[in-house]
Each structure stands twice: as structure tokens, then as C-alpha cells.
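So the chains spell out like this:
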Amino acid sequence: MAEEHFVVIGNGPAGHEAAMTLKKKAPDAYVTIISRNRQSCYRPHLLPDFIAGKVREEALFVCPPGAYREKGVKLRTGQRVAGLDLKEKSLILDHKEVVGFTGLIVAAGGKPRIPETLLVFKDLMLTLKTLEDARIWMDRLSQTETVLVMGGDLTSFAVTKALVKLNKKVFFLLDEEAFWPLRCDRTVLEEAAHRLARLGVEVLVGRRLMSMARLSNRAYEVQLNGDRFAVGIVGAFFGLVPDIRFLVGSGLRIDRGILVNEYLNAGHEGVYATGDCAQIYHPELRDYWVSIGYDNAVSLGRIAALNLLGGEVKAEAAGESVFEVQGIRVNTSWWMEF
Ligand SMILES: Cc1cc2nc3c(=O)[nH]c(=O)nc-3n(C[C@H](O)[C@H](O)[C@H](O)COP(=O)(O)OP(=O)(O)OC[C@H]3O[C@@H](n4cnc5c(N)ncnc54)[C@H](O)[C@@H]3O)c2cc1C
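Description of the structure in this document. (Residues numbered from 1 in each chain as written. Predicted model: local features only at pLDDT ≥ 70, side-chain atom pairs only at ≥ 80, totals over all residues. Heavy atoms only, no water.)

**Considerations on the overall build of the protein**
Across its full length, the protein holds 7 helices and 23 strands. On C-alpha atoms alone, the protein measures out to a radius of gyration of 21 Å, which is about the 20 Å that the 2.2 N^0.38 rule sets for 338 residues. Overall size of the protein, expressed as C-alpha extent along the three principal axes, is 70 × 40 × 35 Å. Summarising the internal contacts of the protein: among those between residues at least 6 apart in sequence, 63% fall at separations of at least 24. (Helix = DSSP H or I, 4+ residues; strand = E, 2+ residues; numbered from the N terminus. Rg over C-alpha atoms; globule rule 2.2 N^0.38 Å. Contact = heavy atoms within 4.5 Å.)

**A few points about the nonpolar core**
Core analysis: the largest hydrophobic core is formed by 52 residues, its most contacted members being L91, L104, I105, V106, I258 and L264. In terms of residues, this core owes the most to one element, helix 7 (residues 294-308), which gives 5 residues. Those residues in contact with I105 that lie beyond four places of it in its chain are V7, V8, I9, A18, L22, Y272, T274, A304, A305 and L308. Grouped together as the second largest cluster of nonpolar side chains are 30 residues, F179, L189, L196 and V201 included. (Core = buried A, V, L, I, M, F, W, Y, C linked by side-chain atoms within 4.5 Å. Buried < 20%, exposed > 50% of the residue type's maximum accessible area, 1.4 Å probe, protein only.)

**A word on empty space enclosed by the protein**
Under the criterion given, the structure shown has 3 cavities of 30 Å³ or more. Lining the largest cavity are P112, R113, T127, L128, D153, T155, A236, F237, F238, G239 and L240. Looking at the lining of the largest cavity residue by residue, the classes come out as 6 nonpolar, 3 polar and 2 charged. (1 Å grid on protein atoms, 1.4 Å probe; cavity = no way out; pocket = protein on both sides within 12 Å on 5 of 7 lines; lining within 4 Å. Points joined across faces, edges and corners; volume = space filled by probe spheres on them. Nonpolar A, V, L, I, M, F, W, Y, C, P; charged D, E, K, R; others polar.)

**Let's talk about the site of the ligand**
Within the structure, the ligand sits among 30 residues, and A14, V81, K129, D276 and Y294 are positioned closest to it. Within the contact set of the ligand, an oxygen atom lies 2.7 Å away from a side-chain nitrogen or oxygen of K129. Here an oxygen atom of the ligand sits 3.0 Å away from a polar atom, N or O, in the main chain of G293. Relative to its unbound accessible area of 1000 Å², the ligand is 96% covered by the protein chains. (Near = heavy atom within 4 Å. Polar contact = N/O pair within 3.5 Å; in protein donor to acceptor, adjacent residues only side chain to side chain. Areas by Shrake-Rupley, 256 points an atom, 1.4 Å probe, with all protein chains shown as cover.)

Structure (C-alpha cells):
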């Protein structure tokens, strides 16, 4: 039998779990992770605590870099996959290297979502997705006392807590996107505003951003409908969306994420997508759902690996925890204590 070479794109919780499962269940196969991240797999949900100084950097990591070698998984960090050739079963990396595979799991995750109306201000806002982003936040926070938090997705609440712990003055522009991707009604919004205010946060409800301008490296002028003020950082928290632009034109079916069946197969033999970048068919709903959350990612990573090895494990989303946000069916395992 020809040698198997399984390649996993991405080393977030889904990719990490997929690669480790592949190697455990098929010890003779070559398993390679190709990841844009420079580090070994870490827990993004700890980044706000890292910023607050509550968690040390070492504690973010799922395992030390040496663990991959010990387990026989080849980890290639700091390398971006730029394209996929389904016919040749190969990936094209940014530096033009071609990597062949016999089986592929795409676990490229998500990227911060910026609403279209705010794209023009994108370069003036900070998002938080990676460890590098967290370091930028820490550097900028060391030079400023005021932060405007916009959006209100689940990360924004954790970051706000971190900012309060650091004694920063926080303005929070709370709008209908609050709690994205969870459903939010008026009562929940009022409760959130109340809790934020109790933390000492200045909550701005029902206000719209009209303009934003850089006054200096440490000051931004923000104009809302109503007033104008200066802040040191503008943080944008509008949820995560699949980061799969590099696969457009590859022949994979792409909608919001990579379309896969309930076994996470992407419609081609030996090609799977998993974690935040997958859009998964649900036979009972007769529709696709996307997964958000660390626990979902780990579980889906494992399922993709088992199925690539010939299993028939269904990615189940409990019907009642799938709900619709802006026309997208979302299932979240995200927890929140606030
Ligand atoms: C700040 C923050 C706080 C969060 N808090 C929580 C929480 O409290 N609870 C919870 O359940 N979830 C939380 N989440 C969400 C959770 O972390 C994600 O759902 C989970 O990380 C998704 O895992 P994933 O492996 O699918 O994708 P990701 O973690 O996004 O990993 C994707 C990987 O793919 C790599 N990659 C992407 N494109 C390429 C490419 N072209 N070539 C090579 N590599 C590529 C990336 O470098 C990365 O290694 C949080 C996320 C963030 C950012």
C-alpha cells in the first residue's frame, strides 16, 4: 500500500486535535500540520486574561512545541497555504513550495468580522484573534488610559473585564450585535448595559459611529451621533467569520464556510473541513450550520480525522442549540460567565 501523507491546514484546536488523532489512529502515516501561526496550538479564549496579566504566556499553550515531534507529527509553523490543487492532491504554499497529500483536513478557522459599514475605519481599529494581536493590545495599553469597545460579541465582554482590571477607562458602544453569535433581546441588552455600568464602564446604547480619525499614534477622535471624544484604542468585536479566501477557485464548494456533509467531507475523496471554517450540513434541518467555540472545534477536529481514516462519525449539532443570526445558522459551544 502506498504511504499515506495526511496534511492538516491550521493548528488551532480543530487542526491540533485532528492531527493528533490521525497520528494516534494511524501511526504509520505521515502527518503534517501547516500553520500560519508561529507557535504551537494555544487557547484563544485565554487571550483576554493574558492581556490582563492574569495568565502567563506559557499557560496559553495546549502543549509545548516538542510534543509534536515526540508524537511523530510534523509541525510547520509560520507557513501559509495559498492554494489547493484538488486534481493533483497538492497544496501551494506562499513561498511556492508544493506539498502533496493523500488526505487533507482544512482547519483554517476564522478571522475577525468587520461590518461593511465600518470597513473604511478598519486600519484604525484593533481586533483580537491571535497571540500577536494580544501583544499589540498589551503594547498599546501600556501607552493609553482610554478604550472604546465596539460591537459586543462574546470576546468583547472578556476583554472589557480585562481592561477594567487594568484600571482603564472603557466606553462600550453596545448595539444589536451584542452577544453575537447568541440571540439578543431587549432584556438581555439592558441587563448587559446594567452589568457593564456596575463595572464602571461607560455604556453607550443606541449610538452610531459617524466618523473616526487618527490624531496621533496614541489618540483617535471618534464621532458618534451625539458627541465627539478622544480615545487611545478603538477595539472592534463583531465575531469571527471563516478565513478561507485562499481556497476560492480551488473547486471546493464555499458559501460562508467550506460546505461539508455531516461527516465533514468536502465533496472530494479524502478532503475534509472542520472547526470554525466549516459549514456543515444538518440532515434534519436540511440546511447548513457553522460551529463556533473551542469545544466544538476540538470535537469536530477529532471527527474529521476519524472519518478521513474511514470512519462514519456524524458531526451532530443539537437541533435546539442551532439558531439563526443574520441569515446564518450558528451552533456555539461558547461559554460565558459575565
Ligand atoms: C479572543 C478569543 C476569545 C475566545 N473565547 C472563547 C470562549 O470563551 N469560549 C469558546 O468556546 N470559544 C472562544 N473563542 C473561539 C474559539 O477560540 C474558536 O472557536 C476556536 O479557536 C476555533 O478553532 P479552529 O481550530 O477551528 O480555528 P482557529 O483557532 O482560528 O485556528 C485556525 C488555524 O488555522 C491557521 N490558518 C488559517 N489560514 C491558514 C492558511 N491559509 N495557511 C496555514 N494556516 C492557516 C491559523 O494560523 C490557525 O492556526 C475565542 C476566540 C478568540 C479569538
